[in-house]
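Summary of structural features
Each chain, written out:
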Amino acid sequence: MIITVQIPDQFARQFHLDEEAQSRQLLEAFVLQRFAEGELTSGQVGEALELSFHQTQQFLKDHHAPPDVTAEEHLVDLANLERILSP
C-alpha cells in the first residue's frame, strides 16, 4: 500500500527530511509507535522494515523501544521449559 503524506516545508527542514529519506523515516516512526502501543511484535517490526532478527533487535535498542516480552513472561517461559525438560 502506498500512502502519500504532505509535510509542510518548515517541518521537513526542521526534522532534516530529504525526499529520499522521508518515506523510510516516516515508516520507522510509524512502526515504532505501533510497537510501543503493543500493536506490533518485534518480528512484525523487522518484517515491515525488511530487517533481519539481529538488525531488528539493534533497531529497537537504538530507539529505546521497550521489549515486547516482559520479565514476568520470560520467567513463565523458563518455568515451562524446565517443566518440559525435566524427567
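To start, this report covers the structure provided alongside it. Just so it is clear, the model here is predicted, and its values are computed rather than measured.

Definitions and limits used
Residues numbered from 1 in each chain as written. Predicted model: local features only at pLDDT ≥ 70, side-chain atom pairs only at ≥ 80, totals over all residues. Heavy atoms only, no water. Helix = DSSP H or I, 4+ residues; strand = E, 2+ residues; numbered from the N terminus. Contact = heavy atoms within 4.5 Å. Buried < 20%, exposed > 50% of the residue type's maximum accessible area, 1.4 Å probe, protein only. Arc of directions from axis to C-beta. Core = buried A, V, L, I, M, F, W, Y, C linked by side-chain atoms within 4.5 Å.

1. Quick word on the environment of Q22
Note on placement: Q22 falls in helix α2 (residues 19-36). What Q22 contacts, discounting residues up to four positions off in sequence, is A12 and L17.

2. Thoughts on helix α4 (residues 53-62)
Among the residues of α4, those classed as buried are T56, F59 and L60. Axial view of α4: buried residues confined to an arc of 95°, hence all on one face. Of the exposed residues in α4, those oriented more than 90 degrees away from the buried face are H54 and K61. Count one or two residues on from α4 and you reach H64, which has phi positive near 55°.

3. Comments concerning the nonpolar core
One finds V31, L32, F35, V45, L49, F59 and L60 forming the largest nonpolar core, which totals seven residues. Put simply, the parts of the chain that give this core at least two residues each are α2, α3 (42-49) and α4. At three residues, the largest contribution of residues to this core is made by α2. In contact with L49, other than residues within four places in its own chain, are R24, L27, E28, V31 and F59.

Coordinates in, geometry out; function isn't part of it.
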